[in-house]
Structures are given as C-alpha cells and as structure tokens.
Amino acid sequence: MLCSVCVNFDVRGLLLKAAAQRPKGFNDPTAPQTLEALRPKMPYFFKHHPNLLALRASASDCDLCSCIWQSYVAKSHPSELSDEALSQGKSVHQIFIGTEGWDVTLHSLPHVIVHQDRDSHEDRSSKLIQMRSLASFEVCADRRSTECLQLAAQLLKSCTNTHGPCRAQYPLLSELPTRIIDIAGVNPALVDGGGHNDTYVALSYCWGGDGDFRLTGATEQSFRQGLPLSQFPPTFRDAIVATKALGFRYIWIDALCIIQDSPHDWEVEASRMREVYRGAVVTIAAACASRTGEGIFRGRPQAAYPRCWLEWRNGDQSTPKVFLRPGTELWDQKMRQSVLNTRGWVLQETLLAPRTLWFGHQQISFECPKGSVDEGGRSLRLVELYRSKESIQVLRTHVFPAWKRRLLPILRSLHLPLAIHFPWPSLTDIARARDLETLRHRAIPWRPLTLQGSFVHPAQPSVLSHFDFWVQIVGNYSSRELTKPTDVLPALSGLASEFHRATGDTYVAGLWKMDIIQGLSWIRHARIESPSGWLQPVPTLPEQYIAPSWSWASTLGKRVTFLSTSQFDHIERLAKVIDVDVQLATNDTFGAVKCGSIILQAPFLVLPCQDILEAPHPTSRYPKVLARLYTDLRGLSEYGQKHRGYPGQQFAVLQLLKCRPPLSTITIYASFLLLESVEGDNSWRRLACVRLKIRDKTIPETAVDDLAIWTEIKRDVKIHTVKIV
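Residues numbered from 1 in each chain as written. Predicted model: local features only at pLDDT ≥ 70, side-chain atom pairs only at ≥ 80, totals over all residues. Heavy atoms only, no water.

## With respect to the overall build of the protein chain
Okay, step 1: Each helix and strand counted, the protein chain has 22 helices and 34 strands in total.
Okay, step 2: Expressed as a percentage of its 725 residues, the buried residues of the protein chain come to 54%.
Okay, step 3: In the protein chain, the proportion of contacts linking residues at least 24 apart, taken out of those at least 6 apart, comes to 72%.
Okay, step 4: In the structure as shown, the protein chain presents an accessible area of about 31600 Å², 51% of it carried by carbon and sulfur atoms. (Helix = DSSP H or I, 4+ residues; strand = E, 2+ residues; numbered from the N terminus. Buried < 20%, exposed > 50% of the residue type's maximum accessible area, 1.4 Å probe, protein only. Contact = heavy atoms within 4.5 Å. Areas by Shrake-Rupley, 256 points an atom, 1.4 Å probe, with all protein chains shown as cover.)

Take a look at the structure:
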C-alpha cells in the first residue's frame with residue numbers, strides 16, 4: 001500500500017534517467033578517460049514528504065514511507081525522534097528521492113537514496129537520511145527451494161552457453177582429479193577419477209566440526225563402498241544436493257578426496273589442487289557456513305528493514321514489480337565478512353575457479369570472469385582487479401613468448417616494469433541505452449538472469465604491473481588465516497604457477513627473482529585490538545621451517561605491504577642480486593621450501609653494538625640510527641619472532657633502494673634492512689625493513705630526522721657481498 005505521495009514515485013523512470021546521464025568528464029577535455037565510467041548523482045528526482053513529521057505520520061499506512069522511516073529510526077538517537085526534535089532544525093527540510101553517483105563498470109544500477117534538502121550554503125550531499133536502497137527482485141526465503149536451485153542452474157548455464165571467452169578458456173570437460181565423489185548412485189561413493197575426462201563440481205568451505213568424517217587409510221574402504229547421504233556433515237550433504245540440482249555427477253571435496261593421514265598423499269594432491277579448482281565447471285562456496293556442521297541450506301535471516309514493492313512501469317498490461325532492499329545486503333560486502341573469506345586457502349580456490357556459486361547468508365551469487373550477478377538481479381564488478389576472476393583470465397592470456405622473455409632483464413634494468421592490461425567495458429551502449437530493459441537487470445523474478453550486455457565491448461585498458469598485481473594478492477592473502485602456518489606457501493602455489501606461466505619469471509619463496517630487490521622492501525603488520533588501543537603482539541614461529549628470513553612468508557602476522565611500482569615512477573635499486581638459492585621441500589616448484597639464501601652486493605654497515613635494543617648512547621657514532629631502531633624494534637613483531645641472540649653477535653644495515661613518487665622532483669623515499677649475524681655461519685638474518693622519507697633541496701620538518709638517519713648510514717657504508725638466510 002502506498003500513500004498519495006508515494007503512488008506517484010516511478011522507480012523505473014528514476015533509474016532510466018540516471019543511466020541516461022552523461023559521464024562526469026564528458027564535457028571536460030582535461031578529465032581522464034576513466035571519468036567516462038562515472039555517472040553523477042541525481043538527488044532531486046522525486047519530491048517526497050515536506051518533512052520528517054509528515055513522513056512519520058504516513059509511515060503507518062504506506063509501505064514506502066515505512067521503509068524510509070524505519071531506516072531513519074534505526075540509525076538515530078531516541079532524542080532525535082521526539083515531536084520537538086522533529087519540528088525544528090534540519091528535520092523540517094523537504095525530503096527527496098534520487099540516486100547516488102556511481103561507476104557503471106562496477107554496478108549496473110545506482111543506489112537509490114532518500115535525503116533532505118538543506119540551505120544553499122551547506123553541503124547538500126552530506127546529510128542523507130541514512131537509507132541506501134537498491135531496486136531488486138525477489139529473493140527466496142529457502143536456499144533449498146526448487147526455485148533457488150533452478151536459478152543457480154540458469155546462471156551457470158547462461159555462462160557456459162553464452163560467454164565465449166569463458167567457454168574457450170574453461171572447457172566443460174576436463175581430467176577428473178585423482179579421487180572424486182560419484183553421486184549418481186543411491187549412496188555417494190569415492191571413486192578413482194585420474195585419466196578420465198568429465199564434468200565435475202568442487203567445494204570451497206570452512207573446515208571444523210566433523211573432524212572424524214574424512215578420508216583416511218582406515219575409512220577409505222567405507223567411502224568407496226558408499227555411505228548414505230544422511231551420514232554426511234550438513235555442508236557436504238547440501239553441496240551434494242546442489243550438485244545434483246545443477247545436473248552434474250561428480251563433486252570434489254578435499255577432506256573426502258585426499259588421504260588426510262598420509263603426508264605423502266597430501267603433498268602430492270595439494271600441489272594438484274590448483275588444477276582441481278581450475279578444472280571444475282563451477283565451485284560451490286559455502287560462505288554462509290563457518291564449519292561443516294552448519295550446512296548451506298539454512299534459513300535466511302529476516303530483513304533488518306521492511307521492504308517495499310514498487311511497480312516497474314514499462315507500459316505492459318502485466319506490470320512486474322521490484323522492491324527496495326538495503327545496500328548492506330549487497331553480496332560482495334557479506335562475502336568479504338564471511339568466515340570463508342578469512343581463510344588463506346580460499347583465495348586461490350576463488351580466483352582459480354572459472355566460476356563460483358556463492359551461497360551467502362542472504363542470497364546466492366554467481367561469479368565468472370564477466371562479472372557477478374546476485375539472486376536479486378544486481379550485477380557487480382570488483383574495484384580491486386586482483387580479486388576478480390577476470391584478472392586471472394587476463395593473466396592466462398597474457399603469456400610472454402620466449403623472445404620477449406629474453407628482453408625482460410633489459411626492461412627491468414631500464415626501470416620499465418612488466419604490465420598487464422585489463423580491458424574495461426565500453427560504456428557507449430550503457431550511456432545511450434534508451435531503456436533499461438536492454439540490460440540484464442530487466443529480468444522478471446525467476447527468469448534466467450545473464451551477464452550479457454554490460455561487459456562485452458573492450459575499451460581503454462587499465463594497466464597494472466606484474467609486481468603490483470602480485471603484491472596486491474599477497475597483501476590480501478597475508479591478512480587471512482591458516483590452520484597451519486607451514487601452509488603459507490603451499491596455499492598460494494596455484495596463483496604463483498599462473499604468474500610463472502605468464503611471465504616466465506623465477507619464483508623464490510613468495511617473491512619473484514626479477515623484482516627481488518623491490519620485493520625485499522616488505523613490512524608485515526601485526527596488530528590486535530584491545531580496550532586500550534592497538535597492541536603489537538609477538539607471535540611464536542613454529543619449530544618447523546617456513547621460509548628464509550628475507551621472505552615475507554617467514555613471519556607471522558597480518559597484512560604485508562610493499563613499496564609498489566604504482567606508488568613511484570622511478571626506483572633506484574642500491575643492492576644488486578648475485579645469487580638466489582631456494583631448496584624445495586616437495587616436488588612442487590611453487591610450494592613449501594626447506595631452506596633458502598640470497599647473496600646481495602650492496603652498501604653495508606656494521607653497527608657498533610651487541611644488543612640492538614640497548615639504549616643508544618649519545619656519544620655513539622650513529623646515534624640517530626640506533627635511536628630509530630631502538631624505538632621501532634621494541635614493538636616490531638618481525639624482530640620479536642626472528643631475533644636469536646648469542647655472545648659476540650653483530651648487527652648491520654644494508655641499503656636496499658630509493659624511490660621517487662610520480663610528478664615529484666624533490667621527494668625521495670628510501671629503505672634499508674636491519675640484519676643480525678647467524679651463530680656459527682658466515683651469513684646474516686633479516687630482522688626488519690625500515691622505510692625513510694627524505695627530500696632533496698627542500699627539507700620539511702617531518703623529514704629532517706629521516707634524512708639525518710639516512711645521512712649517518714650513507715656516510716660510512718661500503719659495498720659488501722652479503723649472504724642472507
């Protein structure tokens with residue numbers, strides 16, 4: 001039911017007009033071409049109630065007013081809702097419905113916003129009523145329902161039948177994994193798959209809750225004979241039901257297809273896992289389950305806000321309907337927050353899989369290299385290219401031929417980074433669309449939703465260096481959790497394999513040989529939140545070897561950051577690589593390592609102290625260097641994890657690189673490594689990387705200390721050949 005005001009609101013007209021707007025940079029010759037993708041906000045499309053008191057009065061009899069009012073109430077203090085408060089100040093301003101600005105390459109529709117008009121001298125966009133809604137289609141209350149699973153099958157079929165690049169690069173038939181679950185019979189059974197070509201599904205999920213239900217030497221025979229579906233943990237059971245609904249016979253589940261008590265089998269199959277996910281026609285992601293005992297067909301949570309159905313006024317006699325849903329229900333936000341997306345192994349499972357069917361808390365979403373579409377009909381293209389399947393598809397087609405690979409060392413010596421060009425869609429058809437019915441979101445509820453239409457036409461490419469692309473992946477991956485810290489390199493091996501195939505570069509314990517100097521600039525952050533603020537914990541490294549000290553994989557903690565190519569237009573490498581040697585722990589070239597070393601020729605300085613945390617003496621030859629290290633290392637997780645003191649130990653600094661930001665002639669950043677000697681060996685161990693901001697000519701006050709530190713080091717350094725283990 002709608003009130004006399006809301007009955008005149010035309011949501012289709014709003015979205016048509018928003019989509020027909022010219023880009024922000026259309027008439028601006030100085031605007032970058034990327035602005036062609038940006039559409040301006042349109043806040044004053046529909047004049048709603050004159051103030052909040054009128055809105056509240058209408059909310060009891062009007063669905064749309066109730067939706068807006070309840071959204072406002074949920075984020076307001078009770079004192080702001082009294083009659084007195086609603087009768088004065090900002091509350092008496094006119095209410096409007098419109099749209100936010102948006103990037104058409106990322107979303108097919110803008111957000112619908114409700115806001116109040118304000119005095120002309122104030123920023124009108126800063127005081128929204130706190131309601132961001134989306135035009136959407138109906139979402140099933142039950143994931144197990146026939147309608148929901150049919151929609152999942154339709155989304156998958158749309159990709160496999162109509163997406164040429166997806167079909168060309170990811171054929172439906174591929175070699176089955178070594179072992180796989182056959183669900184064709186009455187009872188699902190483990191069978192051998194190696195050597196046979198067929199179509200299969202893979203499962204990505206969170207372990208936990210049913211540790212006994214797994215493949216071992218003792219349980220293998222019972223799994224091969226077949227077990228009733230009722231005996232499977234809920235997540236496995238629901239995934240099998242979904243696989244049948246999609247029309248496939250085989251499903252791969254790591255706990256049931258890898259012998260869990262056989263280290264040899266785990267090593268072999270873990271190295272093949274990238275092929276498993278790459279070969280699956282689709283991967284089912286149990287994003288709504290934090291353990292195997294929860295399942296993926298649980299009831300969906302009730303909406304936090306009331307939803308209002310609106311007619312889609314297209315002139316047809318049978319007018320379809322859409323409803324407004326809160327922007328917080330966008331699938332990508334929930335996926336990021338799910339327990340599944342905090343797991344380290346899941347990153348490559350997601351990126352390497354050609355297609356993923358996400359079973360989220362609120363709805364299902366289908367993702368492929370063309371983009372993603374959710375159950376409600378909303379499409380999405382990720383801002384972070386490295387998180388998209390498109391990035392891997394582009395990487396796989398961006399293979400350097402042999403003659404180009406021979407030029408790579410020359411390009412690197414000239415400071416010319418390798419680059420990946422990501423094609424972005426042409427916006428002409430979208431910007432000039434006469435009607436939104438030409439786009440995929442026009443589908444009536446439960447009609448097949450497709451990803452055709454918006455992501456087809458190539459336009460100006462985005463350029464990302466290989467190094468930047470890799471460090472973005474490492475940054476995301478390093479913030480995730482691993483059950484076993486020793487899995488840090490194996491769980492990334494599939495993505496490393498893709499990079500090697502594209503560039504031909506040599507992979508060395510999480511870094512790349514061609515970019516090794518820049519790669520050594522990493523810093524691993526390790527912070528936990530406490531009532532008193534942020535604290536620096538010092539995790540304990542496992543006894544089992546993980547990686548050499550110069551690799552980011554050698555340290556436990558949170559996100560790893562690098563000095564990336566995109567931040568600087570010139571990088572001067574002060575160190576030179578003489579040799580890199582990494583001994584593998586398995587037959588997987590991109591997996592675990594058992595030892596490694598790097599030999600650098602670089603400016604090097606031994607510090608006159610046997611305890612780097614000893615309070616620096618003002619008469620020391622290097623007081624500013626020691627003072628900086630004394631301050632930084634006391635809370636540095638890397639130092640706390642790696643330091644191994646002994647009588648007569650030495651500490652040293654090694655100058656690594658200098659770099660200059662784009663368009664800057666005076667700002668320079670520099671970094672150096674802090675090293676400690678290794679007992680009984682003529683080698684050094686990395687303890688930290690210190691970054692400094694120094695400037696030529698004009699020295700701002702904030703950079704004086706950093707420049708003084710760098711000057712102290714530079715004064716006495718000598719070129720030495722140093723081995724770091």
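## Topic: the side chain of Ser174
Okay, step 1: Along the chain, Ser174 turns up in strand S7 (residues 174-175).
Okay, step 2: Not counting the four nearest positions on each side in its chain, Ser174 is found in contact with His196, Asn197, Asp198, Tyr200 and Gly279.

## Considerations on the packing of helix H10 (residues 263-279) against helix H12 (residues 344-352)
Between two packed helices, both the angle of their axes relative to each other and the distance between the axes serve to describe the pair.
Okay, step 1: Interaxial distance between H10 and H12 falls to 7 Å at its minimum, and their mutual angle equals 35°. Mapping the contact onto sequence places Trp266, Ala270, Met273, Arg274, Tyr277 and Arg278 in H10 and Trp345, Glu349 and Leu352 in H12.
Okay, step 2: Taken together, the residues of the contact of H10 with H12 break down into six nonpolar, no polar and three charged. (Axes fitted to C-alpha atoms, helices over the stretch in contact; angles between N-to-C directions. Nonpolar A, V, L, I, M, F, W, Y, C, P; charged D, E, K, R; others polar.)

## Some remarks on the side chain of Asp265
Okay, step 1: With respect to the helices, strands and loops of the structure, Asp265 is situated in helix H10.
Okay, step 2: A residue is classified by how much of its surface remains accessible, and Asp265, at 10% relative accessible area, is buried.
Okay, step 3: There is a polar contact of 2.9 Å between the side chain of Asp265 and the backbone nitrogen of Ile259. (Polar contact = N/O pair within 3.5 Å; in protein donor to acceptor, adjacent residues only side chain to side chain.)

## Considering the packing of aromatic side chains
Okay, step 1: This model, assessed by the stated rule, comprises 21 aromatic pairs.
Okay, step 2: Here Tyr507 and Trp512 contribute two aromatic rings whose centre-to-centre distance is 4.9 Å and whose plane-to-plane angle is 55°, an arrangement assigned as tilted.
Okay, step 3: Among the residues examined, Trp512 registers a relative accessible area of 7% and is labelled buried.
Okay, step 4: The rings of Tyr205, Trp207, Phe213, Phe223, Phe232 and Phe236 are connected pair by pair, giving a single aromatic cluster.
Okay, step 5: A cation sits over an aromatic face here: Lys484 above Trp266, 4.7 Å from the ring centre.
Okay, step 6: Note that Arg686 overlies the ring of Trp522, its terminal NZ or CZ placed 3.5 Å from the centroid. (Phe/Tyr/Trp six-rings, centres within 6.5 Å; stacked < 30°, edge-to-face > 60°. Lys NZ or Arg CZ within 6 Å of the ring centre and 35° of its normal.)

## Section: the nonpolar core
Okay, step 1: One finds Trp550 and Trp552 to be the most contacted residues of the largest nonpolar core, which totals 117 residues.
Okay, step 2: Among all residues touching Trp552, those that are not within four sequence positions of it are Val474, Tyr477, Val488, Leu492, Gly510, Leu511, Trp522, Arg524, Val560 and Phe562.
Okay, step 3: The next biggest cluster of nonpolar side chains, apart from the first, holds 33 residues, and it includes Cys62, Trp69, Ile95 and Val322. (Core = buried A, V, L, I, M, F, W, Y, C linked by side-chain atoms within 4.5 Å.)

## So, the pattern of salt bridges
Okay, step 1: Scanning all chains against the criterion turns up 20 salt bridges.
Okay, step 2: In this structure, Glu572 engages Lys658 in a salt bridge whose closest nitrogen and oxygen atoms are separated by 4.0 Å. Of the two residues, Glu572 sits in strand S28 (residues 570-573) while Lys658 sits in strand S31 (residues 651-660), which places them 86 residues apart along the sequence.
Okay, step 3: Several salt bridges share partner residues, and in doing so they unite Asp192, Glu220 and Arg224 into one network. (Salt bridge = Lys/Arg side-chain N within 4 Å of Asp/Glu carboxyl O.)

## Overview of the packing of H12 against helix H13 (residues 389-397)
Okay, step 1: Packing of H12 against H13 leaves a shortest axis separation of 8 Å and a crossing angle of 65°. The angle between the axes of H12 and H13 places the two elements in the roughly perpendicular class. In this structure, H12 uses Thr350, Leu351 and Leu352 to contact H13, whose residues at the interface are Lys389, Ile392 and Arg396.
Okay, step 2: Class assignment for the residues of the contact of H12 with H13 results in three nonpolar, one polar and two charged. (Parallel < 35°, antiparallel > 145°, perpendicular 65-115°, else oblique.)

## Details of unusual backbone geometry
Okay, step 1: The phi dihedral of Ala509 is positive, around 50°, even though this residue is not glycine.
Okay, step 2: Position of Ala509 relative to the elements: it lies in the loop between strand S22 (507-508) and strand S23 (511-512).

## Remarks on the pairing of strand S11 (residues 200-204)
Okay, step 1: The element S11 is largely enclosed, with a buried count of five among its five residues.
Okay, step 2: Judged by which residues are buried, S11 turns out to be covered on both faces: Tyr200, Ala202 and Ser204 on one side and Val201 and Leu203 on the other are all buried.
Okay, step 3: Where S11 and strand S12 (residues 250-252) come together, three bridges link them in parallel fashion. Across the sheet, Val201 pairs through a bridge with Ile251, a residue of S12.
Okay, step 4: Pairing of S11 with strand S13 (residues 282-285) involves four bridges; the strand directions are parallel. Residue pairing in the sheet places Leu203 in a bridge with Ile284 of S13. (Pairing = 2+ DSSP bridges.)

## Some points on helix H2 (residues 52-59)
Okay, step 1: When H2 is considered as a whole, its buried residues turn out to be Leu52, Leu55, Ser58 and Ala59. Within H2, the buried residues cover an arc of 125° as seen down the axis, which keeps them to one side.
Okay, step 2: The opening residue of H2 is Asn51, an N-cap whose side-chain oxygen sits 3.2 Å from the backbone nitrogen of Leu53. (Arc of directions from axis to C-beta.)

## Let's talk about helix H1 (residues 11-19)
Working note: α-helix, 3.6 residues per turn, so residues spaced by three or four point in the same direction.
Okay, step 1: Burial within H1 is extensive, with eight of its nine residues counted as buried.
Okay, step 2: The set of residues buried in H1 consists of Val11, Arg12, Gly13, Leu14, Leu15, Leu16, Ala18 and Ala19.
Okay, step 3: Residue Asp10 occupies the N-cap position of H1, its side-chain oxygen lying 3.2 Å from the main-chain nitrogen of Arg12.

## Some points on the confidence of the model for the protein chain
Okay, step 1: Per-residue confidence for the protein chain gives a mean pLDDT of 79, with 76% of residues at or over 70.
Okay, step 2: Counting interchain partners and residues more than four positions distant, the pLDDT-below-50 stretch residues 119-131 has 32 contacts.
Okay, step 3: Low pLDDT, under 50, characterises residues 421-463; the stretch is placed with 126 contacts to residues that sit more than four places away or in other chains. (pLDDT = per-residue confidence, 0-100.)

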